[in-house]
Amino acid sequence: MILILSSDDDVHARHVMHHIAERGHGATLLNLADFPKDAHLIFEAGQSSSRRLLHYRGQTIDLSKVSSVWWRRPQPYGMHPDVTDPVLDNFAIREVDEAIQGLWLTLDADWINIPSRDQDASRKAWQLDVARAAGLTMPRTLITTDPDAARDFAAREGVDRTIYKPFQGSEDAWRETRLLRTEELDKIDAVKYAPVIFQEYIEATCDLRVTVVGDKIFAAAIDSQKTAYRVDFRMDMNVTITPTKLAPKTEAGIRKLMKSLDLTYGAIDFRRRPNGEEVFLEINPAGQWLFVEDQTGQPISKAVADYLIDRSRSDSIPRSNHPMLKAISQTQDAPAVRSDQTAVAR
C-alpha cells in the first residue's frame, strides 16, 4: 500500500496519484489536519502481535500493509472544537504528535523522505555545511542576530552586492530574497529580534532548479535574468524554463549532498555564473516541481510515482535492515552537537 501525507488540495500529490493509477496501483492520501477531530488511530502491542489502524473518512487503513510513504508537506493537526482551553489545546496537540510520530517509526516502509531527515535537511545552516563538504560551490554566508556582524558583512561584500532572506516563508508572511539597499542600513538593528540570512549576491546568467528523485536528477535552467526582478525568480514566473546539463562536478556534489542528508527527494536551487560555475543556494526537501515539469516536459511526477510503486511490495523488509531503523541508528551514532505565484516554486 502507498500512503501520501499531504493536503487535499495539493496539486503535486494529485499528479503523482494520477501516474500511480496509470500503472494500475492505488494510493491513499492522508491529511493530518483531520487528526484527531475527524479521524482515529488504534495501536495495540502485545508479546505476540500488534495492530496499527487508522479510521479515516469512512475507511479503515491497516498500516501494517503500508510499504511506501510520501512525506509530502503534511498539514498541522486539526484539534477538536470541543477543546477551548489553550492550555489543554497545547497539551492535546503534543499528545497527538507524540502518538503519530511514534506510529510512523513502526511502519515497515520506504519513505520519501524519512520525516526526521526531511526536517534536518531543511535547516539552512546545516545544509550549507553539508553542501560545502560535498564539494559544491556556495556563496559567502552570514546567519546572525548581531547588528554589528551584519553591518561588517555588508561592508565587506558591498551594500549592493549583499542579499538577505528569511529562513522560511508562509502565505501570510512571505518574504522574497532581496538585495540590500543603502537606505536599509539604518534598519539593520532589527536583526536582533530574529536571525537573518545574509549572502553575497551571485551574478548569474540564469537560475537552476535541480529536482532529485532517487538516483534521477532533473536539471532545468530558468531564464530569470531577463525579468524586472533578477534577484529572486519566484517574483516573476513568466519566465522560460528549459532542460539543461550540469557540470560533472555539480552532479557529483549533488549525489554526495543527497546521500549525506539521507534524502530521496530534494529540490535544489543554484545560480550559474557567467563563467559557467554553478553555485549552490539551498535545498528544499519538499520543494515544488510542476512549474518546471509544465515547461520542460521532464517526467518528475512520474519519477516520484515510480519510486513509490517500485518500493511498494507485499513482502516485508526485515526489521534489522529497515530504513527508518537505520536512520535512528545513524542519529544515535552521530556527534552530539550538529548544527499563488510566489508559493509555486518553493
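Residues numbered from 1 in each chain as written. Predicted model: local features only at pLDDT ≥ 70, side-chain atom pairs only at ≥ 80, totals over all residues. Heavy atoms only, no water.

> Sorry, what's going on with the pairing of strand 4 (residues 50-56) here?
For a regular strand, side-chain orientation follows a simple rule: the groups alternate between the two sheet faces. The pairing of strand 3 (residues 39-45) with strand 4 spans seven bridges and is antiparallel. Across the sheet, Leu-41 pairs through a bridge with Leu-54, a residue of strand 4. If you look at the hairpin formed by strand 3 and strand 4, you'll find four residues sitting between the two strands. As defined by bridge partners, strand 4 adjoins strand 5 (residues 59-62) across four bridges and the pair is classed as antiparallel. The residue bridging Leu-53 from the neighbouring strand is Asp-62, located in strand 5. Hairpin connection, strand 4 to strand 5: the antiparallel pair is bridged by two residues, and Arg-57 has positive phi, about 50°. (Pairing = 2+ DSSP bridges. Helix = DSSP H or I, 4+ residues; strand = E, 2+ residues; numbered from the N terminus.)

> Is there a simple way to think about the confidence of the model for the chain in this case?
Close inspection of predicted coordinates is inappropriate for parts of the model with low pLDDT. On average, residues of the chain score 87 in pLDDT, and 87% of them are at 70 or above. Between residues 314-321, whose pLDDT stays under 50, and residues either more than four places distant or in other chains, the model counts 11 contacts. When the criterion is pLDDT under 50, residues 331-342 qualifies, and its contacts beyond four places in sequence or with other chains add up to 14 contacts. (pLDDT = per-residue confidence, 0-100. Contact = heavy atoms within 4.5 Å.)

> In this structure, what is going on with the side chain of Arg-272? I would like to understand it.
Inspection of the secondary structure assignment puts Arg-272 in strand 15 (residues 265-272). Of note is the side chain of Arg-272, whose polar atom sits 3.2 Å from the side chain of Thr-244. Arg-272 has contacts with Glu-203, Ala-204, Thr-205, Cys-206, Leu-208, Thr-244, Lys-245, Leu-246, Glu-277 and Glu-278, leaving out every residue within four places of it along the chain. (Polar contact = N/O pair within 3.5 Å; in protein donor to acceptor, adjacent residues only side chain to side chain.)

> Any chance you could explain the sheet that holds strand 14 (residues 241-243) here in plain terms?
In sheet architecture, strand pairing relies on hydrogen bonds along the backbone and comes in two forms, parallel and antiparallel. In spatial order, the strands read 14-13-12-15-16; together these five strands make up an open sheet with antiparallel pairing. The open sheet has two edge strands with one neighbour each: strand 14 and strand 16 (278-284). Each adjacent strand pair in this sheet contributes to an overall mean axis angle of 25°, direction not counted. Sheet topology note: the strand 12 (residues 206-213)/strand 15 ladder contains eight bridges and is antiparallel. Bridge pairing links Val-213 to Tyr-265 in strand 15. In the packing of helix 6 (residues 248-261) onto the sheet, the strands contacted are strand 12, strand 13 (216-222), strand 15 and strand 16, and the crossing angle to strand 15 comes to about 145°. (Axes fitted to C-alpha atoms, helices over the stretch in contact; angles between N-to-C directions.)

> Just to check I follow, could you spell out the nonpolar core for this structure?
Note on soluble globular proteins: their nonpolar side chains tend to be buried together. If you look at the biggest cluster of nonpolar residues, it comprises 30 residues, and the most contacted ones within it are Val-16, Ile-20, Trp-70, Val-213, Trp-289, Val-304 and Leu-308. Every element with two or more residues in this core is listed here: strand 1 (2-5), helix 1 (11-22), strand 13, strand 15, helix 7 (290-296) and helix 8 (300-310). At seven residues, the largest contribution of residues to this core is made by helix 8. In this view, Trp-289 contacts His-12, Val-16, Trp-70, Arg-72, Thr-211, Tyr-265, Ile-300, Ser-301 and Val-304; residues no more than four positions away in its chain are not counted. Listed in part, the 24 residues of the second largest apolar core include Leu-5, Tyr-56, Ile-61 and Trp-104. (Core = buried A, V, L, I, M, F, W, Y, C linked by side-chain atoms within 4.5 Å. Buried < 20%, exposed > 50% of the residue type's maximum accessible area, 1.4 Å probe, protein only.)

> Please clarify how empty space enclosed by the protein should be interpreted in this entry.
Over the atoms, a rolling probe the size of a water molecule traces out where space has been left empty. Roughly 50 Å³ of internal volume is contained in the largest cavity. Along the walls of the largest cavity sit Trp-70, Trp-71, Arg-72, Ile-112, Asn-113, Tyr-265, Pro-285, Ala-286, Gly-287 and Trp-289, which together make up its complete lining. Of the residues that constitute the lining of the largest cavity, the class distribution is seven nonpolar, two polar and one charged. Considered as a void within the structure, the second largest cavity measures approximately 40 Å³ in volume. Contributing to the lining of the second largest cavity are Lys-124, Gln-127, Leu-128, Lys-165, Ile-197, Gln-199, Leu-281 and Glu-282. If you list the elements that add at least two residues to the lining of the second largest cavity, you get helix 4 (124-133), strand 11 (196-200) and strand 16. Of the residues forming the lining of the second largest cavity, the biggest block, three residues, is contributed by helix 4. The residue makeup of the lining of the second largest cavity, split by class, is three nonpolar, two polar and three charged. (1 Å grid on protein atoms, 1.4 Å probe; cavity = no way out; pocket = protein on both sides within 12 Å on 5 of 7 lines; lining within 4 Å. Points joined across faces, edges and corners; volume = space filled by probe spheres on them. Nonpolar A, V, L, I, M, F, W, Y, C, P; charged D, E, K, R; others polar.)

> Got a minute to help me understand the sheet that holds strand 3 in this structure?
Read across the sheet, three strands follow the order 3-4-5 without closing on themselves; strand pairing throughout is antiparallel. If you trace the sheet from one side to the other, it starts and ends with strand 3 and strand 5, each paired once. On average, adjacent strands in this sheet sit at an angle of 20° to one another, irrespective of strand direction.

> Please clarify how the pattern of salt bridges should be interpreted in this entry.
Proximity of charged atoms lets side chains of opposite charge pair with each other. The full count for this structure, using the stated rule, is 25 salt bridges. The residue Arg-151 makes a salt bridge to Asp-148 at a minimum N-O spacing of 3.0 Å. Of this pair, Arg-151 and Asp-148 are both found in helix 5 (residues 147-157), three residues apart, which corresponds to roughly one turn of the helix. Members of the salt-bridge network, linked through shared partners, are Arg-140, Glu-157, Glu-200, Arg-273 and Glu-277. (Salt bridge = Lys/Arg side-chain N within 4 Å of Asp/Glu carboxyl O.)

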